[in-house]
Amino acid sequence: MFGYGRSNFTWNGTLRELEGSCPTCFTERGRPSMTASTSSSSGLEVLLSTLQNAGDVESTLNILNVLDELLSAGTDRRIHYMISKGGSEALLTALVNTGRSFSPNYTLLLPLLHLLAKVGHRDRRIGVKAEDAGAALLTLNLLRHNVKHARRAAACLWVIQVFSSSVSTANLIGENHGLDVIYRLIPQYTTKHLHAIKAAIDAFAALLCTKANVCSVVSKGYVSGLLRLYGDWHAKATQHAAMAICHSLLRCLHKVTHSTAGRQAFVSQGGIRLLYGTTQTCLLSKGLESLVEPSVQLMRKCLPKTPLPLTSDRSAYTFPMPGRPHAVPDMDAEPDENSEESDDEEAEDNKEADFDDDLETDLSKLRLRPDPDRPKELLPQYNRLCPELSHDFQELGLSSEPEESSTASSSSSSSDEEAAPLNGSQCHGSRRGAARSESSASSSGSHSETDPEGPAPAAAQLEARDFHSHSSILSTSPSFRTKVREARDEASLGQGGEDQGDEEEDADNHRTMIDRLLERRGACIPHHEPKLYRAAAAKTKSIPGFSILAFPDFWGHLPPPGHESMAPRKPNIQRQKVFEDAQRFLSTDGIINQVVFDLEDSSLQCPSDTLKFFSKFECGNLRKAVQVRRNEYDLILNADANSCQHTQWFYFEVSNMVAAVPYRFNVINCEKSNSQFNYGMQPVLYSVREALEGKPHWVRTGTEICYFRNHFCPARGRRRTTFYTLTFTITFKHNEDVCYLAYHYPYTYSALKAHLKVLQKSVDPAKVFFQQQVLCGTLAGNACPVITITACPASRSWIDMHQLRNRPCIMLTGRVHPGESNASWVMKGTLEFLCSSDPVAQSLREAFVFKIIPMLNPDGVINGTNRCDLNSEDLNRQWCKPNPVLSPTIYHTKGLLYYLSSIGRTPLVFCDYHGHSRKKNVFLYGCSVKETLWQSGSAVNTVGLKEDPGYRTIPKTLDRLAPAFSFNSCNYLVEKSRSATARVVVWREMGVLRSYTMESTHNGCDQGIYKGLQTGTRELQEMGMMFCHSLLSVTKDVKALCSQSLISQIDLDHNVLDHKSHNCFEDDEPPCVEEIEYSADCPALKGADLDSDVNGNTASADEEEEGDEERREAEQRRGGVGQSQQSSAKGRLFPHLARQASAETLGENRNACNGQITS
Ligand SMILES: [Zn+2]
């Protein structure tokens, strides 16, 4: 016999199977017969159905008690199981049945509401279900009738909070004045009924999940009320409960400020001032610390949107596109929906689900080669780019004249380079003449393309002032003036020794002086010749017509001695910076707001006591500098040419500083959503003074570095764009120095040209076949170099020539993204290694022909863009069908690949060098059908799928060889969003198994021997060298002539170099000291929080009003939240049970039950 239920209530024991539970509360009446049932439905279903059919009060209470017992123990799985069995609906029906009567039975309603809150909180569809059952408005009605009954009100409020997870339910409650009812329940500070007050605020916050409710709250002026409440509660928030209420109020404010009107109300009602003040108090009291972060984020979010002080968001550099006479491509176009464009291959930035969705699962797209994008007839033109195939190596017989043979070798085909390097004494006229003769020479070449460089227009411009910093030093620094005068006095000796005014430097004198400086102080920098650089720069074509060289590019850079550790992140740095920004808004004291540099206004005069900025040089990027406070400057970067976005890269000159003064710089229009600047990365600085003193180093520098979302918005239109501030503080070492600051070690196009020239001179032409050609001209008319490197054959014998012409090809490309200058440094390492006399390099040259296109985007690099080419397109998304006019470098690189395929020389390895701004280490992305299908969870059966695992050989080898490389960061997934990248297209269309993107960090490593260090150019170049080493690993499967002894040498090296702790599986970032919150969302209320609130309510001794003091005392007597407290609470909630069984018995029974569950 079963006393509680109706006749159909049977107990068949299957409830145990559900979650292994059993209703112990029945035991005092004797354990019911578990085998009595013949019903096929489970016990839980029976309980639920009984509950809905509204039996007598006592049996319903019993069922509620059973359910509560069941759900309180164990995990959420039970609740989810109950939800799947219609638990929510049953509770809602019971609620409606009980609650709709004229005078509802609160003995029944309270436990029902409590249970509903707990269950509903885990039911994603509870809102809809509540609407369907008619429970939403019913609960609101119950609340209206019980505003004076704290416990009842609290129970209703929790349920309303839970229902509000659905937008339509929240709107329904809002429309029926739920917000007003609840708002009126929130009092000024009191010590009474804290549970109910918190429940009201939480319900209020939950209702603010909808636009309509937020609008209504704002229009009714509740924002000022909420602020007043926060101020009041905060002032008295000395106890934990009041703190919780402050948190809840902040949550309301966070929600309400999701809307523009809400933010405006917040600001106009003094919200920022209030939070600024309260937060200062919080900082003084450790107990209030937890309120600081949400307050700071609220302030950051609500600082009024301020348009960037620009006349237009368009880049200051526009370039007329072919076919579009005026450079106004999509002038007012909104940027892509996905304006947070990621670095190439940065799929992991997306959410896990998005990421998996992005994987290519269409087997035909993964396996079948698409048709070529052009007819075969267009391919023979690329024959000229394979000079090693046609070269006859006649000079090999003439070993007595290696110099001549070198010339013959390098000029045998269409060399675009100067015949000889210019020396310092050469005058301008002859330089221009040289340029002209070259252009005529190359246009008469065998191929149809004309030399894109043409005559050098920039040469004349360079006469005026070779580099800006130099003149700055002349005009500013006394010590330098002395130094430079000294040099110039010597220089002018031959010219009569007149001492002219510093400012009126004559061009010839100037140049002579540079020569002198170079002679006397020029550092011996390997593979760098300043004069060669100047000559190369004179031919470089830029949109603004640069006439000035940045000193570091001209003078050269040596890696500083020693390693540079990542910068320690100061605790709470972001908070401090946001405070400072808020101060700017709150008070005008000390605010200057004066433009001191404007790229578009060279006539701008700035006061003599401010920093001076300059960026009109190759790769330079700074559009505007605004002095904000005495030693603080806002910097605005120039958008990519012909575009209005992609700002991230910067490179500029700064001078007129005072030593030992900390200057704060804020780059205020960065676009990436996060940055390694938050994780130990520092910008780089080059001091001209240090360079002249023999320390020509780019060094990592800056303190108080932090990257966060700010309150700036585009100057016009473009509403969706969000900007981020990179802030850093620099204390300069010297007075009146000239310094350069950059996002990363700059590497200009002119540097590449000069470097290739030096390399060409450095190789032994009898051994190394090194040929530089022009792949094509760029949009702006610069040459895109392509280099062929291989070993000269041992002799002109048939067998040696045959071996040469059958060497497999390896193609390497880089710097398609101009802001990724690290890719160029890695490429520099690769090029220098391949040209070196190292035995491994010799073996590689003998085994392979290297085709290297070191800079796929010269125009972008030159003009200081971050991501795009001049046509404002990301060139690494053009590979599917590149436009020959708009993306010539990609079109012809792909053409060369097609050509190589067509003559049976498909590259064995293809690798595109990139830089990664948000991850550490160096790693590869490759392509694998199987791994993509596995990762996507695709149903395609991969058992019969054959795939050569050889794509893993190089990453595995690199993991052993290259200290900066991390195998664990590599992946081989083919994403749909990357289908037009070099890696995927070369793999899919050319069938190159080993097709990679190499990503090098802008920051440093979190594993291996470089762990905790930022990478410098030395490490980047080493990486380029190690990549070459790793290519030995693929020589085994082509019958290459690479000697086995070398391979075994590599294997021996493994023991020395095997420094990896192969268990560094932690994915990306180490946990940061401080949570960096970028979303505008406030933290969600956790399920456990609500549970504890609900349980707390059950602990109230009486349904009727009870003084808070008393309740606290009662709590103290009970001694915390323990078993006994819950049991006694249960006893009060289910009074009839308490009459029948002592709390102790219940506790024991529960223990017994738990024992059964877990056994
Ligand atoms: Zn990239």
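The notes below deal with the structure included here. (Residues numbered from 1 in each chain as written. Predicted model: local features only at pLDDT ≥ 70, side-chain atom pairs only at ≥ 80, totals over all residues. Heavy atoms only, no water.)

1. Topic: the overall build of the protein
Threshold: What counts as a helix is a DSSP run of H or I of at least four residues, what counts as a strand is a run of E of at least two, and both are numbered from the N terminus. Categorising residues by exposure relies on relative accessible area from a 1.4 Å probe, with only protein chains included: less than 20% of the type maximum marks a residue as buried, more than 50% marks it as exposed, and the intermediate range marks it as partly exposed. Whether two residues are in contact is decided by their heavy atoms, any of which lying within 4.5 Å being enough. To measure how exposed things are, a 1.4 Å probe is used in the Shrake-Rupley method; for residues, cover is taken only from the protein chains shown.
Scanning the protein from terminus to terminus reveals 47 helices and 22 strands. Here the protein holds 1159 residues, and the buried ones make up 60% of them. Sequence-distant contacts, at least 24 apart, represent 80% of the contacts inside the protein between residues at least 6 apart. Here the protein has roughly 44300 Å² of accessible surface; of this, 52% comes from carbon and sulfur atoms.

2. Here we look at the coordination of the zinc ion
Put simply, the test is: Coordination shells were defined by N, O and S atoms within 2.8 Å of each metal, extended to 3.2 Å for Na, K and Ca; water is absent from the atom set, which can make sites look incomplete. For four-coordinate sites, all angles between 85 and 135 degrees define a tetrahedron; for four- and six-coordinate sites, opposite donors beyond 155 degrees with the remaining angles between 65 and 115 define square planar and octahedral shapes respectively, and all other cases count as irregular.
On the protein side, the zinc ion has His817 (ND1), Glu820 (OE), Glu820 (OE) and His914 (ND1) as donor atoms, found 2.1 to 2.2 Å from it. For the zinc ion, the 4 donor atoms in the first shell make angles of 59 to 151° at the metal, a pattern classed as irregular. Sequence spacing among the residues donating to the zinc ion works out to H-x2-E-x93-H. In this pair, Glu820 sits in the loop between β17 (809–814) and α34 (821–834) while His914 sits in strand β19 (residues 909–916), placing the two residues 94 residues apart along the sequence.

3. Thoughts on the packing of helix α8 (residues 135–145) against helix α9 (residues 150–163)
Rules: To define axes, lines are fitted to C-alpha atoms, for helices over the stretch in contact only, and angles between the resulting N-to-C directions are given on a 0 to 180 degree scale. Every angle not falling under 35 degrees, over 145, or within 65 to 115 is termed oblique; those three ranges are roughly parallel, roughly antiparallel and roughly perpendicular. By definition, any crossing whose near helix is turned counterclockwise from its far helix by less than a right angle is left-handed, and any crossing with a clockwise turn is right-handed.
Following both chains from N to C, one finds α8 and α9 inclined at 150°, their axes separated by 9 Å at the closest point. The orientation of α8 with respect to α9, classified from their angle, is roughly antiparallel. Crossing of α8 against α9: the hand is left-handed. Between α8 and α9, the contacting residues are Ala135, Ala136, Thr139, Leu140, Leu142 and Leu143 on the first element and Ala153, Cys156, Leu157, Val159, Ile160 and Phe163 on the second.

4. A few points about the nonpolar core
As a reminder of what qualifies: Nonpolar cores were defined as sets of buried Ala, Val, Leu, Ile, Met, Phe, Trp, Tyr and Cys residues, with membership established by side-chain atoms within 4.5 Å.
In this structure, Phe613, Phe665, Tyr740, Ile789, Leu844, Phe850 and Phe1027 are the most contacted members of the largest nonpolar core, which totals 132 residues. Ranked by size, the runner-up nonpolar core spans 111 residues in total, among them Leu47, Val162, Ile186 and Leu586.

5. Observations regarding the packing of aromatic side chains
Counted only if it meets this: Whether two aromatic rings pair depends on their centres lying within 6.5 Å, for rings of Phe, Tyr and Trp, where Trp uses its six-membered ring; planes under 30 degrees apart make the pair stacked, over 60 edge-to-face, and the rest tilted. Each ring is checked for a lysine NZ or an arginine CZ that lies within 6 Å of its centre and within 35 degrees of its normal; such an atom marks a charge sitting over the ring.
This structure, assessed with the given rule, holds 35 aromatic pairs. Relative to Phe579, the ring of Tyr276 lies with its centre 5.7 Å away and its plane at 80°, an arrangement referred to as edge-to-face. Note that Tyr276 is positioned in helix α17 (residues 271–284) and Phe579 in helix α30 (residues 573–586), a separation of 303 residues in sequence. Phe579 shares its class with Tyr276; the two are buried. One residue, Arg374, lies across the ring of Tyr891, its end atom 3.8 Å from the ring centre. Lying across the ring of Phe923, Lys919 places its NZ or CZ 5.2 Å from the centre.

6. Details of unusual backbone geometry
Positive phi is not limited to glycine here, since Glu704 has a value of about 50°. Looking at the secondary structure, you find Glu704 in strand β11 (residues 703–709). Of note in this structure, Asn921 is not a glycine but carries a positive phi near 70°. Mapped onto the secondary structure, Asn921 falls in the loop between β19 and β20 (922–925).

7. Considering the pattern of salt bridges
Basically, it comes down to this: For salt bridges, the criterion is a side-chain nitrogen of Lys or Arg within 4 Å of an Asp or Glu carboxyl oxygen.
In total, this model carries 34 salt bridges according to the counting rule given. Across the pair Arg905 and Glu388 runs a salt bridge whose closest N-O atoms are separated by 3.3 Å. Of this pair, Arg905 sits in the loop between α37 (888–902) and β19 while Glu388 sits in helix α21 (residues 387–390), and the two are 517 residues apart along the sequence. On the accessibility criterion, Arg905 (8% relative accessible area) is buried. Given the relative accessible area of 0%, Glu388 is considered buried. A salt bridge links Arg584 to Glu632; its shortest N-O distance comes to 3.4 Å. With Arg584 in helix α30 and Glu632 in strand β6 (residues 632–636), this pair connects stretches of sequence that are 48 residues apart. In this pair, the class of Arg584 matches that of Glu632, namely buried. Among the charged side chains, a salt-bridge network with shared partners connects Glu580, Asp581, Arg584, Arg629, Glu632, Asp634 and Arg664.

8. Thoughts on the environment of Asn883
Let me state the cut-off plainly: Each polar contact in these results corresponds to two N or O atoms within 3.5 Å; when the atoms are within protein, one needs to be able to donate a hydrogen and the other to accept it, and residues that are neighboring in sequence are counted only if both atoms are side-chain atoms.
Within the secondary structure layout, Asn883 lies in the loop between α36 (858–862) and α37. Using a relative accessible area of 32% as the deciding quantity, one classes Asn883 as partly exposed. Aside from chain neighbours lying at most four places away, what touches Asn883 is Pro888 and Tyr891. At a separation of 2.7 Å, a polar atom in the side chain of Asn883 contacts the main-chain amide nitrogen of Val885.

9. Looking at the sheet that holds β11
Selection criterion: Only strands joined by at least two bridges in the DSSP assignment are considered to pair.
Ordered by their spatial adjacency, 6 strands build an open sheet running β3-β5-β6-β8-β13-β11, and the pairing between neighbours is mixed. A strand with exactly one partner marks an edge of an open sheet, and here the two such strands are β3 (594–598) and β11. Between one strand and the next, the sheet's axes are offset by a mean angle of 20°, whatever the strand orientation. Bridge count between β6 and strand β8 (residues 662–670): 4 bridges; the pairing is parallel. Paired with Leu635 across the strands is Val667, a residue of β8.

10. Comments concerning the sheet that holds strand β15 (residues 768–777)
On the basis of which strands lie adjacent, the open sheet formed by 7 strands has the order β15-β16-β18-β17-β19-β21-β20 and mixed pairing. Edge positions in the sheet fall to β15 and β20, since each of these pairs with one other strand and no more. Looking at each pair of strands side by side, their axes are set apart by 20° on average, direction ignored. Sheet topology places β15 next to strand β16 (residues 783–791); 9 bridges connect them, and they run antiparallel. Among the inter-strand pairings, Val774 is bridged to a residue of β16, identified as Pro785. Sheet contacts for α37: β15, β16, β17, β18 (849–853) and β19; angle to β15, the most-contacted strand, approximately 130°.

11. Some words on helix α16 (residues 260–268)
Among the residues making up α16, those that are buried are Gly262, Ala265, Phe266 and Val267. Along its buried surface, α16 packs onto α13 (211–219), α14 (222–235), α15 (240–256), α17, α18 (292–302) and α30. Phi for Gly270, located one or two positions after α16, is positive at around 80°.

12. Focus: α9
For the record, the criterion: Expected span of a helix: the number of residues minus one, times 1.5 Å.
Its 14 residues place the ends of α9 20 Å apart at the C-alpha level, agreeing with the 20 Å of an ideal helix rising 1.5 Å per residue. In terms of burial, α9 is largely enclosed, as 14 of its 14 residues are buried.

13. Overview of the pairing of β20
The alternating pattern of β20 places Val922 and Leu924 and Phe923 and Tyr925 on opposite faces, both of which are buried. Across 4 bridges, β20 lies against strand β21 (residues 994–1001) in antiparallel orientation. Following the sheet pairing, Val922 is matched in β21 by Ser1000.

14. Here's the deal with the environment of Asp180
Mapped onto the fold, Asp180 is located in helix α11 (residues 178–185). When its relative accessible area of 7% is taken as the criterion, Asp180 is described as buried. In the structure, Asp180 is positioned 42 residues away from Tyr222 in sequence and 9.4 Å away in space, judged by C-alpha atoms. In this structure, Asp180 is in contact with Lys220 and Tyr222, ignoring residues within four places of it in sequence.

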